[in-house]
Amino acid sequence: METFLDLWAAYGSTVTFAMVNALFALSTYAVLSTGVLSFTTVVFAAVGGFLAAQLSGKFGLPLWAAFPAAALGGGFAAAVVAFAFLRLESHWMALASLALVLITRVTALNAPALTGGVNGLIVPVRVEPLELAILLALCTVVFWRLHRSWFGLASRAVREDAAVASTMGISPYRIQFIAFLISGVVGGLGGAALAFTLQFISPETYFIGIAFTMIASTVLGGSFHWLGPIIGAAVFTALPTTMQAIVPQIEDVAKGVVLLLIMIFLPRGLIDPRAWGLKKAAKLREETEAKRAAERDAHA
Amino acid sequence: MQLFVEQLINGWALGSLYALFGIGFGLVFSTLGILNAAHGTYASWAAIAGYYAVERFGVPFPVAIAAGVIGGGLLAVVVDQIGFQPLRAKKTGMLGALITSIAFWIILDSLAGFATGQQSLAFPAASYPNQMVVMGPLRVPQMQIITIVALLVCTIGIHLLIQKTRIGAAMRAVGWNEVAAALGGVNARMVILLTAFLAGATSGLAGVLGGISTSNVSFTLGEGLMLKGFAAVVVGGYDDVRGTAIAGICLGIIEVFVAQYISTSFRDGFTYMLLLAFLIARPRGLFGSASFVRA
Amino acid sequence: MSKASAAARTLRGVLAGAAALAIGYAGTAAAAPAAGEYGVGFITENTGPLAAAGVSYHRGAQLAVDEINEGAWIGQGVKLKLNEKESGSDAARAVQALTQFSADRNVIAVTCCILSPVAAALKPVTTNAKLPLVIYGATLPGLPQPPYVTSVVGLPGPQEVKMSKMLAETLKPKTVAYFVNADNEGFQNRFKAAQKVMEEAGVKTAGVVSILSADTDFTAPATQAMATNPDLIMVWTTQTPAAGIIAALRARGYAGKISASDVISPAPVFKKIGAALAGVPFPIVFSSEISSSPEAKKFVEGYTKKFGEAPDTYSAQGYTSLYLIAQAMKSLDGKPSREDLAAALGKASAVEYNIYGGLPMVNGQAEVQNSLVAAWTADGKVVRWENK
């Protein structure tokens, strides 16, 4: 029991950060699963994070009231972004969303009344790992239901080929708009979760670092299934801690090399439903062939 | 008035660095379809290569520049062949290459820190033209003139290469549709290598010139260029080097003028507001062709 | 139960009692903590934007641990062990490192942080974990919060005031232009302190040029400052900008007086910028070439021997943070707990063994008493500044 407690104390924060990153990755996955590469999760996270920090700091809002507020804030930001950006062609979309991340930081730096400016904000409320786990579980259930719903099917169609999807009566714009709203809500929650975990946020908190962490987590884990981003976030968060334990001198280099190797050898990510499908198909084929062979033998 | 003109030239030279870097970044994006997060490290490493050429071997200025340019180009080719080539066959689109480029960014940035001993280094003053050119009441540093000329030469050269030569036509074809280009008899592999080298070399030139004129050779050099060079690409339109050049120069001048006449705290805000305005109002940039849609 | 095992039990009991007696006796006699190795967590910043300074802080701490252990400074058999975890100046990584230290039962105290926002992020975590934290670099007022958070870094203010007064008297400038970091509160405070002194002495402000910490091109800001035609230019910025600004001013042909802060004191800055730095005065609390107390000399000698270069003001701070922890350990008996150590740290009224010629502590915050005004010579030595 003692060893377990020690382990938890040592790596508990890694688990906590992995859960926060999982929220960011799910937010990225939400839009990516409809074929949109967007870094705007960072923007939604910043909105959610600063909103939650201010509400709990200035108005004494409890944790479970601040989370819905952050989700709403993120969702609203997502609606604005989707309205402005969805008409852009996919490459521009990626650039534009990255630009928006840079703009968000500069805006946050120059609005000290809202964000604390360069000095940041102290967040008086703390989220317990168990509460975070519940939040992540709730989000996961939503993604699981969506995956199996008509919306999930439609978003996969839009991702594969938007033109074909629209001939089938699916409006890519509508699907992607909804995806952005989901991304915004989850991103806002993630931002608030980060604020309540770090208990200190500044404009630097929501910057390129998160953008790359979440996109790497999503793709690393696999962007074709909701489980992918969660697994990916866990791996990507544990990577620096592991590398620090193994090769402390070159932990960053080692982290990069591992990421590179995974991408080269598993370009579709760790969780790949297509690979399962192929395996299943192969097994099925084997079985049928075995059956046929058996039948042949019986006839012979 | 003298101050105004001096600051105009300061801004122009600064913007020329952004533009030079942006041209490389935009080339990779438009021709190879890669959003390359590691691009900034090419500039850092080019400056480091140039610095050690001077420090260890005492080479003259043009050789130091050449070392940086070739170093940047070769690094870009290596990164492309290790990080991007294996993914081309697997059809992962922009996503896979983005992640491997993030991996290279982490690796190369960290190694650059080791290479400079975590310090910010500077070229010895005697190793480059560090005099002031006097033009009437104006005094302009030689490095600024070199930077401005370098951008002009690179922009015109690369524009002509892409628009007027067979290689350029092949590059445009690959950028349009790699499979169709290959069917049309274009050696896609050759074009990819050439584009990667050219992009790394141009950004490397920005890195080594910037490293000299700002007395800063470290991994922060590439990061700074990356943020502003990226803005130049978005404002200028990524498929046209002329747009990137003009946008880069304008961004540099605006930056200097906002700091001089308004306030430094608004400087970056101004740049990025302009960026946002362009994104919303003219998403294809200054010269971006309206019909340009990648397959 | 067999007789044999009962006898064994009795024997064990007697032995345990004797052992307890022995420890108790040794403890009271030496008035020092129980012998053993105690871990000190050191959150390094050996990579990332501030790595240049980060390496110096770390080396200073390494030297202090060697000295403390070799000389049995805390007590016979009491050794410190430095446990390092890298943060790269990133708040999230620093928080993770701190929680890992708090889980390691051998770690009795942690020392950290160059950046004030990172230190601010660690404050609630370390207080929750009841783990004493000594700040070695960050200088925002109000960071220390005894008993769990203390700082060995003197707040900016007195040194800057002292130098500004000296410059106002000796140089008698009529106007001054200032460079200041728009995004660093510490340097804004230094700038304001200097400006106040100057204006009280009747020196006008010719202009204030703000720059940002991440800036690298200073040609335009230099042009801007020179256009105000000042008699003196004061540079109150972080290290990379300060070096870049002075280089740019000289490269553009500014021949007037410049002053700066202690950020230009480390040797690599001179190596980088060279003769352009010569004669630029800066306030400093420790200089390997000027500080002359026996403690300072021992520090310089030991550091040069171990690392092959002279220590700078940052290594001095890393060194001091470990001596403060050692001092608090020394005051404890038996097996010290983190709570006891924190209480001892919070109560410290001075860092007793220091290289500054006195370093009092008030409410967990060190205060610098003695500062010098120094300058580089053209051949790369730090000397007391004189108006030439």
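No experiment lies behind these values; they were computed from the predicted model shown.

Undergrad: Hey, could you go over the overall build of chain A for me, with residue numbers and the actual values?
TA: Secondary structure summary: chain A contains 13 helices and 2 strands in total. With the C-alpha coordinates of chain A rotated into their principal frame, the extents come out at 85 × 55 × 35 Å. Expressed as a percentage of the 300 residues in chain A, the buried residues total 52%. Sequence-distant contacts, at least 24 apart, represent 78% of the contacts inside chain A between residues at least 6 apart.

Undergrad: Please set out the overall build of chain C residue by residue, giving values where relevant.
TA: Along the backbone of chain C there are 12 helices and 14 strands. Its C-alpha atoms give chain C principal-axis dimensions of roughly 100 × 40 × 35 Å. The proportion of buried residues among the 388 residues of chain C is 57%.

Undergrad: Just give me the short version of the pairing of strand β1 (residues 132-135) of chain B, but keep the residues and values in it.
TA: Residue and element names in this part refer to chain B. Pairing of β1 with strand β2 (residues 138-141) involves 4 bridges; the strand directions are antiparallel. Bridge pairing in β2 places M132 opposite P141. As consecutive antiparallel partners, β1 and β2 are separated by 2 residues, and within that stretch G136 has a phi angle of approximately 60°, a positive value.

Undergrad: So what's going on with the interface of chain C and chain B? Residues and values would help.
TA: In this assembly, 30 residues from chain C lie in contact with 29 residues from chain B. Elements that contribute at least two residues to the side of chain C that touches chain B include exactly α2 (51-70), β7 (204-211), α7 (219-226), α8 (239-251) and α9 (267-273) of chain C. Its residues assigned to classes, the side of chain C that touches chain B shows 16 nonpolar, 11 polar and 3 charged.

Undergrad: Residues and numbers for the interface of chain B and chain A, please.
TA: Listed per partner, the contact involves 33 residues of chain B and 29 residues of chain A. Secondary structure elements with two or more residues in the side of chain B that touches chain A: α3 (61-88), α4 (93-115), α9 (219-236) and α11 (264-281) of chain B. The residue inventory of the side of chain B that touches chain A, partitioned by class, reads 23 nonpolar, 7 polar and 3 charged.

Undergrad: So, unusual backbone geometry: which residues are in play, and what are the values?
TA: Peptide bonds are trans in most cases, and residues, glycine excluded, mostly fall at negative phi. A cis amide bond, omega 5°, links P146(C) with the succeeding residue P147(C). Along the polypeptide, P147(C) turns up in the loop between β4 (133-135) and β5 (149-151). Located in the positive-phi region is Q118(B), a residue other than glycine, with phi close to 60°. The topology assignment puts Q118(B) in the loop between α4 and β1. A count of 23 C-beta atoms within 10 Å places Q118(B) in the buried class.

Undergrad: Can you tell me about the UniProt feature "domain: Leucine-binding protein" (unreviewed entry) in chain C, naming the residues and giving the values?
TA: UniProt marks residues 40-362 of chain C with the feature "domain: Leucine-binding protein" (unreviewed entry), using the numbering shown here. Secondary structure across residues 40-362 of chain C divides into 46% helix and 17% strand, with the first and last C-alpha atoms of the span separated by 23 Å.

Undergrad: Kindly report on the pairing of strand β13 (residues 372-376) of chain C, identifying the contributing residues and their values.
TA: Residue and element names in this part refer to chain C. β13 sits mainly inside the fold: 4 of its 5 residues count as buried. Pairing of strand β10 (residues 282-284) with β13, which is carried by 3 bridges, proceeds in the antiparallel orientation. Among the inter-strand pairings, P283 is bridged to a residue of β13, identified as V373. Two elements, β13 and strand β14 (residues 382-384), share 3 bridges in a ladder whose sense is antiparallel. Each bridged residue has a counterpart across the sheet, and for W376 the counterpart in β14 is V382. In this antiparallel pair of consecutive strands, β13 and β14, the connection spans 5 residues, and G380 shows a positive phi of 90°.

Undergrad: Which residues make up the domain arrangement of chain C, and what are the values?
TA: Residues and elements named next belong to chain C. Domain annotation of chain C identifies domain 1 (36-154 + 292-366) and domain 2 (158-284). A separation of 31 Å is found between the C-alpha centroids of domain 1 and domain 2. The partner domain 2 presents 8 residues to the 9 residues of domain 1 that form the contact. Looking at side-chain class alone, the side of domain 1 that touches domain 2 contains 3 nonpolar, 4 polar and 2 charged residues.

Undergrad: Could you give an account of the domain arrangement of chain A, with specific residues and numbers?
TA: By the assigned domains, chain A splits into domain 1 (2-269) and domain 2 (273-300). Each of domain 1 of chain A and domain 2 of chain A was reduced to a C-alpha centroid, and the two centroids are 42 Å apart.

Undergrad: Quick rundown of the packing of helix α3 (residues 63-85) of chain A against helix α9 (residues 172-198) of chain A? Include the residues and the values.
TA: Residue and element names in this part refer to chain A. The contact between α3 and α9 brings their axes to 7 Å, and the two run at 140°. Compared by their axis directions, α3 and α9 come out oblique. Relative to α9, the crossing made by α3 is right-handed. A breakdown of the residues in the contact of α3 with α9 according to their chemical character gives 17 nonpolar, 8 polar and no charged.

Undergrad: Please provide a residue-by-residue account of the sheet that holds β13(C), values included.
TA: All names here are of chain C. Strand order across the open sheet formed by 3 strands is β10-β13-β14, with antiparallel pairing between neighbours. Both edges of this open sheet fall to β10 and β14, since each of them pairs with a single strand only. On average, each strand axis in the sheet is tilted by 50° relative to the strand beside it, whichever way the strands run. On top of the sheet, helix α5 (residues 158-171) reaches β10 and β13; it is set at about 140° to β10, its chief contact.

Undergrad: Before we move on, can you summarise the nonpolar core with the specific residues and values?
TA: Judged by nonpolar contacts, the single largest core of 328 residues is most densely connected at L189(A), A94(C), C113(C), L122(C), I135(C) and I246(C). Not counting residues up to four positions away in its chain, the partners in contact with A94(C) are I43(C), S87(C), C112(C), C113(C), V118(C), A121(C) and L122(C).

Undergrad: Run through the sheet that holds strand β8 (residues 232-236) of chain C, naming residues and quoting values.
TA: Sheet strands line up and pair through hydrogen bonds in the backbone, either parallel or antiparallel. All names here are of chain C. Spatially, β7-β6-β8-β9 is the arrangement adopted by the 4 strands of the open sheet, whose pairing is parallel. Strands with a single pairing partner mark the edges of an open sheet, and in this sheet they are β7 and β9 (257-259). Across the sheet, the mean angle separating the axes of adjacent strands is 20° when strand polarity is ignored. Bridge count for strand β6 (residues 175-181) against β8 is 5 bridges, and the pairing is parallel.

Undergrad: A description of the UniProt feature "transmembrane region" (unreviewed entry) in chain A should follow, citing residues and the corresponding values.
TA: Residue and element names in this part refer to chain A. This chain's UniProt record puts "transmembrane region" (unreviewed entry) on residues 6-24, 36-55, 61-85, 92-109, 129-146 and 177-200. Along residues 92-109 one finds 100% helix and 0% strand; the C-alpha atoms at either end are 26 Å apart. Helix makes up 100% of residues 129-146 and strand 0%, and the two end C-alpha atoms of the span are 26 Å apart.

Undergrad: Could you give an account of the packing of helix α1 (residues 2-32) of chain A against α9(A), with specific residues and numbers?
TA: All names here are of chain A. Their axes nearest at 7 Å, the elements α1 and α9 cross at an angle of 165°. On the basis of the axis angle, α1 is roughly antiparallel to α9. The crossing of α1 and α9 is left-handed. Along the contact surface, α1 presents T16, F17, V20, L23, F24, L26, S27, A30 and V31, while α9 presents A179, F180, I182, S183, V186, G187, L189, G190, A193, L194 and T197.

Undergrad: How would you summarise helix α8 (residues 188-213) of chain B if you had to cite specific residues and measurements?
TA: Residues and elements named next belong to chain B. Along its 26 residues, α8 runs 37 Å from first to last C-alpha, staying within 8% of the 38 Å computed at 1.5 Å per residue. Among the 26 residues that make up α8, 20 are buried, leaving the element largely enclosed by the rest of the structure. Where α8 terminates, the next one or two residues include S215, which has phi positive at roughly 50°.

Undergrad: Give me the lowdown on the confidence of the model for chain C, citing residues and values where you can.
TA: All names here are of chain C. Looking at chain C, the pLDDT average stands at 86 and 92% of residues meet or exceed 70. Every residue in residues 1-30 scores below 50 in pLDDT, and together they form 7 contacts with partners more than four places removed in sequence or on other chains. For this predicted complex, the interface score ipTM comes out at 0.85, while the overall pTM is 0.85.

Undergrad: Pulling in residues and values, what's your account of helix α11 (residues 313-330) of chain C?
TA: Its 18 residues place the ends of α11(C) 26 Å apart at the C-alpha level, agreeing with the 26 Å of an ideal helix rising 1.5 Å per residue. In terms of residue burial, α11(C) counts as a mostly covered element, since 16 of its 18 residues are buried.

Undergrad: Explain the environment of A179(A) residue by residue, including any values.
TA: Residue and element names in this part refer to chain A. On the secondary structure map, A179 appears in helix α9. Residues A179 and G152 lie 27 residues apart in sequence; the distance between their C-alpha atoms is 10 Å. Sequence-distant contacts of A179, that is, excluding residues within four places in its chain, are made with A30, V31, S33, T34, V36 and S155.

Rules and cut-offs
Residues numbered from 1 in each chain as written. Chains lettered and ligands numbered in written order. Predicted model: local features only at pLDDT ≥ 70, side-chain atom pairs only at ≥ 80, totals over all residues. Helix = DSSP H or I, 4+ residues; strand = E, 2+ residues; numbered from the N terminus. Buried ≥ 20, exposed ≤ 12 C-beta atoms within 10 Å, placed from the backbone. Contact = placed C-beta atoms within 7 Å. Pairing = 2+ DSSP bridges. Nonpolar A, V, L, I, M, F, W, Y, C, P; charged D, E, K, R; others polar. UniProt positions renumbered as here; feature names shortened; annotations may be inferred. Domains from an automatic or database assignment. Axes fitted to C-alpha atoms, helices over the stretch in contact; angles between N-to-C directions. Parallel < 35°, antiparallel > 145°, perpendicular 65-115°, else oblique. Left-handed = near helix turned anticlockwise from the far one by under 90°. Core = buried A, V, L, I, M, F, W, Y, C linked by C-beta atoms within 7 Å. Expected span 1.5 Å × (residues − 1). pLDDT = per-residue confidence, 0-100.

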